[in-house]
Amino acid sequence: MAPMVSLTGQLSNALTFHDRKNHAPFSLSLSAQGSSLGIPRNHKNASLLSICPKEEFCRPHYSFKLHGQNNFPRDIVVRSELAATGAAGNDFSLSELKIGSKVRGACFYAVTAFNAIFLFVLMLVGHPLVLLFDRHRRKFHHFVAMVWAKLTVALFYKIKFEGLENLPPPDTPAVYVSNHQSFLDIYTLLTLGRNFKFISKTGIFLYPIIGWAMFLLGMIPLKRMDNRSQLDCLKRCMDLIKKGASVFFFPEGTRSKDGKLGSFKKGAFSVAAKTNAPVVPITLIGTGQIMPAGKEGIVNTGSVKVVIHKPIEGNDAMVLCNEASKTIGSALTQT
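Quick notes on the rules
Residues numbered from 1 in each chain as written. Predicted model: local features only at pLDDT ≥ 70, side-chain atom pairs only at ≥ 80, totals over all residues. Heavy atoms only, no water. Helix = DSSP H or I, 4+ residues; strand = E, 2+ residues; numbered from the N terminus. Buried < 20%, exposed > 50% of the residue type's maximum accessible area, 1.4 Å probe, protein only. Contact = heavy atoms within 4.5 Å. Areas by Shrake-Rupley, 256 points an atom, 1.4 Å probe, with all protein chains shown as cover. Pairing = 2+ DSSP bridges. Axes fitted to C-alpha atoms, helices over the stretch in contact; angles between N-to-C directions. UniProt positions renumbered as here; feature names shortened; annotations may be inferred. Expected span 1.5 Å × (residues − 1). Polar contact = N/O pair within 3.5 Å; in protein donor to acceptor, adjacent residues only side chain to side chain. Salt bridge = Lys/Arg side-chain N within 4 Å of Asp/Glu carboxyl O.

An unreviewed UniProt entry lists the protein under the name Phospholipid/glycerol acyltransferase domain-containing protein, with Crotalaria pallida as the source organism.

1. Things to note about the overall build of the protein
Within the protein, the secondary structure is distributed over eight helices and 14 strands. Burial status across the protein gives 39% buried among its 335 residues. Expressed as a percentage of contacts within the protein between residues at least 6 apart in sequence, the contacts between residues at least 24 apart total 67%. Split by element, the accessible area of the protein, about 20000 Å² in all, is 60% carbon and sulfur.

2. What to know about the sheet that holds strand β14 (residues 303-308)
Reading across the sheet, the seven strands line up as β8-β14-β13-β9-β12-β10-β11 and stay open at both edges, with mixed pairing between neighbours. Looking along the sheet, the strands with just one partner apiece sit at the ends: β8 (158-162) and β11 (220-222). Here the strands of the sheet are splayed against their neighbours by 25° on average, with no regard to which way each runs. Sheet topology places strand β10 (residues 196-201) next to strand β12 (residues 246-249); three bridges connect them, and they run parallel. By the bridge assignment for β12, Lys197 is matched with Val247. Taken strand by strand, helix α6 (residues 267-275) contacts β9 (175-178), β12 and β13 (279-285), and its axis lies near 155° from that of β9.

3. With respect to the UniProt feature "transmembrane region" (unreviewed entry) in the protein
When the UniProt feature table is mapped onto this chain, "transmembrane region" (unreviewed entry) is found at residues 108-133, 140-159 and 204-222. With 100% helix and 0% strand, residues 108-133 has end C-alpha atoms that lie 34 Å from one another. What you have in residues 140-159 is 70% helix and 10% strand, and the ends, taken at the C-alpha atoms, are 23 Å apart.

4. A look at helix α5 (residues 227-242)
For α5, spanning 16 residues, the distance from its first C-alpha to its last is 23 Å, which sits close to the expected 22 Å at 1.5 Å a residue. All of the buried residues in α5 are Ser229, Cys233, Cys237, Met238, Leu240 and Ile241. The inward-facing, buried residues of α5 contact β9, β10, β11, β12 and α6. Its side-chain oxygen placed 3.1 Å from the backbone nitrogen of Arg228, Asp226 serves as the N-cap of α5. Note on α5: the residue one or two positions beyond its end, Gly244, has a positive phi of about 100°.

5. Some details on the pattern of salt bridges
The tally for this structure, following the rule as stated, stands at five salt bridges. Between Arg137 and Asp171 there is a salt bridge, with the nearest N and O atoms lying 3.1 Å from each other. Taken as a pair, Arg137 in the loop between α1 (74-133) and α2 (139-153) and Asp171 in the loop between β8 and β9 lie far apart in primary sequence, 34 residues in all. Take Asp171: its relative accessible area is 41%, and that puts it in the partly exposed class. Ionic pairing is found between Lys243 and Asp239, a salt bridge with its closest N-O pair at 3.3 Å. Residue class for Lys243 comes out partly exposed when judged on its relative accessible area of 42%. Via salt bridges that share partners, Arg137, Lys139 and Asp171 belong to a single interconnected network.

Right, dumping it as structure tokens:
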């Protein structure tokens, strides 16, 4: 009779031992955690192993051959099914999050459009008086824009301000500069309640309601890659500052897609240096996570932090540029 083989472990499959001489197969019972588990040889889900002793180089060993193709062990099948279930659950959660962000995005534009229609009518009615008594600053229009921005963002994200004491008095003309991460930067900055003029692409002014409101606010149009348009834009900025209005620049020129601060262009700081206006650096944190650049159709959950730094003064545009970039960048790296 062949010697008895005892195996202890976590296996639960039957093994068939073949005596090479007598060709008499017999099954082995494997113990799992001290209990004997008897599994029939013809179990469909069990993999059969053939153990055949050989003599090679005077040393007995065994070769294992897997019989029954497509017959996987039960524990492997169960684990595979569980893994598949988990993956499906994760995919569902991710899909659910994406759908939620898209729904919030649709609601965001619906809310901002609804508010803009009524507030634009208010701006339109008051525009003749604004041109007559406050042509350059247009405080009434900026107040309406602030209300519009606050009514819109209040439903979707919270804004925390830090350093409000660093803001110049409302009637002091200044050059405001900030990092640029998202379409939401405009909404966020309008809630500050300062009468600064944004610089925007000329095509935006053609948008119904929003573009028309920008025109009433006295925003400054700019044609990118057009040197003459850039010079006209800078001249208009200097003229507005001399007449008591403030201007706002995004010195990076475009939105950052990875949240990192890009290199600053010198235009804003040239305006400040030539008009002796203070430069007010502002750091925006979180807008890029809520509405990433290039994904304006979604609105994720989150909050925004606005850090207003101390004003910078000087008559050297490059020094002002470097100092503002360093100040804004240091606040970004601390998050």
